[in-house]
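Okay, here's what each chain looks like letter by letter:
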Amino acid sequence: MLDILVQEENERESGETGPCMEYLLHHKILETLYTLGKADCPPGMKQQVLVFYTKLLGRIRQPLLPHINVHRPVQKLIRLCGEVLATPTENEEIQFLCIVCAKLKQDPYLVNFFLENKLKSLASKGTPSIISEDTLKGQDPSSTDVGASGQPEALGGASAVEHTEDEPSHHMDDLSTSLDDLTVTSLPEASVIRPNQDYNLVNSLLNLTRSPDGRIAVKACEGLMLLVSLPEPAAAKCLTQSTCLCELLTDRLASLYKALPPSVDPLDIETVEAINWGLDSYSHKEDASAFPGKRALISFLSWFDYCDQLIKEAQKTAAVALAKAVHERFFIGVMEPQLMQTSEMGILTSTALLHRIVRQVTSDVLLQEMVVFILGEQREPETLAELSRHPLRHRLIEHCDHISDEISIMTLRMFEHLLQKPNEHILYNLVLRNLEERNYTEYKPLCPEDKDVVENGLIAGAVDLEEDPLFTDISPDNTLSNQEWLSSSPPTSPDHPKNDGKTEVHKIVNSFLCLVPDEAKSSYHVEGTGYDTYLRDAHRQFRDYCAICLKWEWPGSPKALEKCHLEAAFFEGHFLKVLFDRMGRILDQPYDVNLQVTSVLSRLSLFPHPHTHEYLLDPYVNLASGCRSLFSVIVRVVGDLMVRIQRIQDFTPKLLLVRKRLLGLEPEGPVIDHITLLEGVIVLEEFCKELAAIAFVKYHASSTP
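Below, the structure is looked at part by part. (Residues numbered from 1 in each chain as written. Predicted model: local features only at pLDDT ≥ 70, side-chain atom pairs only at ≥ 80, totals over all residues. Heavy atoms only, no water.)

A short note on the overall build of the protein chain
Turning to step 1, where the next piece is worked out: Scanning the protein chain for helices and strands turns up 34 helices and two strands.
Turning to step 2, where the next piece is worked out: Carbon together with sulfur atoms contributes 55% to the accessible area of the protein chain, which is approximately 31000 Å² in total. (Helix = DSSP H or I, 4+ residues; strand = E, 2+ residues; numbered from the N terminus. Areas by Shrake-Rupley, 256 points an atom, 1.4 Å probe, with all protein chains shown as cover.)

Regarding the packing of aromatic side chains
Turning to step 1, where the next piece is worked out: Under the counting rule described, the total for this entry stands at 17 aromatic pairs.
Turning to step 2, where the next piece is worked out: For the pair Trp303 and Tyr306, a centre-to-centre distance of 5.0 Å together with 40° between the ring planes defines the contact as tilted. Pair noted here: Trp303 and Tyr306 are both in helix H17 (residues 294-313), with a separation of three residues, about one helical turn. By the burial criterion, Trp303 is buried, and Tyr306 matches it.
Turning to step 3, where the next piece is worked out: Of the aromatic side chains, those joined through ring pairs into one cluster are Tyr257, Phe300, Phe330, Phe331 and Phe373.
Turning to step 4, where the next piece is worked out: Lying across the ring of Trp303, Arg252 places its NZ or CZ 4.2 Å from the centre.
Turning to step 5, where the next piece is worked out: Taking NZ or CZ as reference, Arg379 lies 4.0 Å from the ring centre of Tyr428, over its face. (Phe/Tyr/Trp six-rings, centres within 6.5 Å; stacked < 30°, edge-to-face > 60°. Buried < 20%, exposed > 50% of the residue type's maximum accessible area, 1.4 Å probe, protein only. Lys NZ or Arg CZ within 6 Å of the ring centre and 35° of its normal.)

Some remarks on the side chain of Lys698
Turning to step 1, where the next piece is worked out: Looking at the secondary structure, you find Lys698 in helix H34 (residues 675-703).
Turning to step 2, where the next piece is worked out: In this structure, Lys698 is buried with no salt-bridge partner, the nearest side chain bearing the opposite charge being Asp618 at 11 Å.
Turning to step 3, where the next piece is worked out: Here His613 takes part through its side chain, which lies 3.3 Å from a polar atom of the side chain of Lys698.
Turning to step 4, where the next piece is worked out: Excluding residues within four positions of it along the chain, Lys698 makes contact with Phe542, Ser605, Leu606, Phe607, Pro608, His613 and Leu617. (Lys, Arg positive; Asp, Glu negative; His and termini not counted. Salt bridge = Lys/Arg side-chain N within 4 Å of Asp/Glu carboxyl O. Polar contact = N/O pair within 3.5 Å; in protein donor to acceptor, adjacent residues only side chain to side chain. Contact = heavy atoms within 4.5 Å.)

Examining helix H6 (residues 90-106)
The periodicity of an α-helix, 3.6 residues per turn, causes residues three or four positions apart to be oriented the same way.
Turning to step 1, where the next piece is worked out: The terminal C-alpha atoms of H6, which comprises 17 residues, lie 25 Å apart, in line with the 24 Å expected from a rise of 1.5 Å per residue.
Turning to step 2, where the next piece is worked out: Within the span of H6, buried status applies to Glu90, Glu92, Glu93, Ile94, Phe96, Leu97, Cys98, Val100, Cys101, Lys103 and Leu104.
Turning to step 3, where the next piece is worked out: On its buried side, H6 packs onto helix H4 (45-59), helix H5 (68-80), helix H12 (200-208) and helix H13 (214-228). (Expected span 1.5 Å × (residues − 1).)

Here's the deal with a negative patch on the surface
Turning to step 1, where the next piece is worked out: Among the surface-exposed residues, Asp265, Glu344, Asp405, Glu406 and Asp592 lie close enough to one another that they form a single negatively charged patch.
Turning to step 2, where the next piece is worked out: Along the chain, Glu406 falls in helix H22 (residues 405-418). (Patch = residues over 30% accessible without salt bridge, like charges linked within 9 Å, V, L, I, M, F, W, Y side chains within 5 Å. Charge placed at Lys NZ, Arg CZ, Asp CG, Glu CD.)

Some remarks on the nonpolar core
Turning to step 1, where the next piece is worked out: By size, the foremost hydrophobic cluster in this structure holds 196 residues, and its most contacted members are Phe96, Tyr199 and Phe330.
Turning to step 2, where the next piece is worked out: Broken down by element, this core gets its largest block of residues, 15 residues, from H34. (Core = buried A, V, L, I, M, F, W, Y, C linked by side-chain atoms within 4.5 Å.)

Here we look at the environment of Cys20
Turning to step 1, where the next piece is worked out: Its place among the elements puts Cys20 in helix H2 (residues 19-26).
Turning to step 2, where the next piece is worked out: The exposure class of Cys20 is partly exposed, given its relative accessible area of 33%.
Turning to step 3, where the next piece is worked out: Along the sequence, Cys20 and Glu9 sit eleven residues apart, while their C-alpha atoms lie 9.6 Å from each other.
Turning to step 4, where the next piece is worked out: Discounting chain neighbours no more than four positions away, the residues touching Cys20 are Ile4, Leu5 and Glu8.

Focus: the packing of helix H3 (residues 29-39) against H4
Turning to step 1, where the next piece is worked out: Between H3 and H4, whose axes approach to 8 Å, the crossing angle comes to 145°. The interaxial crossing formed by H3 with H4 has left-handed handedness. Residues Leu30, Glu31, Leu33, Tyr34, Leu36 and Gly37 of H3 pack against Met45, Lys46, Val49, Phe52, Tyr53 and Leu56 of H4.
Turning to step 2, where the next piece is worked out: The residue makeup of the contact of H3 with H4, split by class, is nine nonpolar, one polar and two charged. (Axes fitted to C-alpha atoms, helices over the stretch in contact; angles between N-to-C directions. Left-handed = near helix turned anticlockwise from the far one by under 90°. Nonpolar A, V, L, I, M, F, W, Y, C, P; charged D, E, K, R; others polar.)

And the structure:
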């Protein structure tokens, strides 16, 4: 039959229907075949019917689905798919469903034939009622399309309001067991919640995603991916409201998360290779680097990847609904209690998983939901009194300064990756909202006698560093003496406007490079630890950040001081407070913690926003009293260092030895005393070089058109 139809089509003009095809359509051959397939009579008939439908739709070029005598039996056949899992016909079922999806992809409007209206009268009763197929057939099929497509149909086992007599109820049991751990509403309410539409194509595919055969499950997932991307709004609405797609995705995410053994090593979570949902074929036996829980971890991460890709592909309203479901049912329902717990091991594992998910997410819609979950929606300046308004944000920022170094490092790494995501709210919520009014600066208009002082090489108001007892003499042999540095800052005044709001760049660069006194420097004794490597990195990273931030339309210069509310009390915000506190303890913290803290701070200083730039990278900002900036925090550390160096014998040779050991140029030997301090000094010196490089790169990027 198929060969005749294909040959007939090939011999005719395109779009012309031949007599054989006419016969097939008018004599409802497909209906007859469906009935035989459903009864599986003779045995094996269901398989043959599925293959015939698949090939017919796949090989005939003219559009068949718009014909009622094609789409009606196709709909009925769809309902037979996925009813029972692991049936012998599973392979044919998935091939058939996928060809229907492919046809809908070619002509998305056709999806409207597959959104089936349930019988209103029955659904409204809200009680399971039984009607026979004959009563349905008795209605005039031409007046309504109820006869075929309106057949009440079990909806994925979740809101089966009614089922027909000739569908034995064991079919329901199979469904409910196959959707094993789905938490679903009890029958009477389900009919109220769901609109009266079935989308059986989705329901059948959803059943098949639970197939024990991995290939079938992946094909079903691919079919769903096609359906969610269809641009038809009615289909998207039905998909999210009338099927249990949202619930199934999120419940599986939750159950896979809960199946992770609590003992999974956070390091394994970090290092397990990139996950791709369609390739979740993992064999423990073949894996040389297997660890306990790897199978469960890969299953969870690949299902998360599938949800992420699905949301990325989905039609806009469907994407939003799916992402909101993940937010409410998985992030808040499952992850939040884990992140808020007090057990250190639990915090570490759940933060490692959050970090992994943050790194993995690529869909903008899901990323937005994740950002709101982690940080909340607040955009007004923070106050100390309201720090815990969004408890999870508060807790995670506190964890950056946790008694456990591992938790601190893991949480800082999570924030570092979060800051690399293309979402404007992240930096705004963590930092920018507190710098909006520039109330960290003190605005002093110059009076006439100050101008003479400026011309004599001194700066009005720039006495804070000189008065600082810790900062009296940073280093006599530096390129710029204290006096010169201070006088090299062009004053801010109407007559002497700053060059584009930036101090001349070489002076800024020197300020950072000269911060660490010569006797505490060790890099010039070792090859390849110069400033130029930082320049190359900063150049590349800054370019990446500019590309991300372009569409956020940030201003090119700081908000004019006259328009700023400078009297408002300044608070740098919880995130910077914790980072500055940790930075202030750099000489007393483990090396790994210091590397992570400075890494996050350098990320922040790379952002091309004029306020973060001024606050983190301009040493000449006139700070209002009681305010601190990144530069002033480092100045304090250096003052403390100067005092402590005096008490350490052979400071410079020890420092050099530690640097060589860190670089692997010197074998590990006996323990050196003051090791934490010495490693801290090395991180400090490198960090200052990095900040100098970032300042230099940013200046040149903005001054070249």
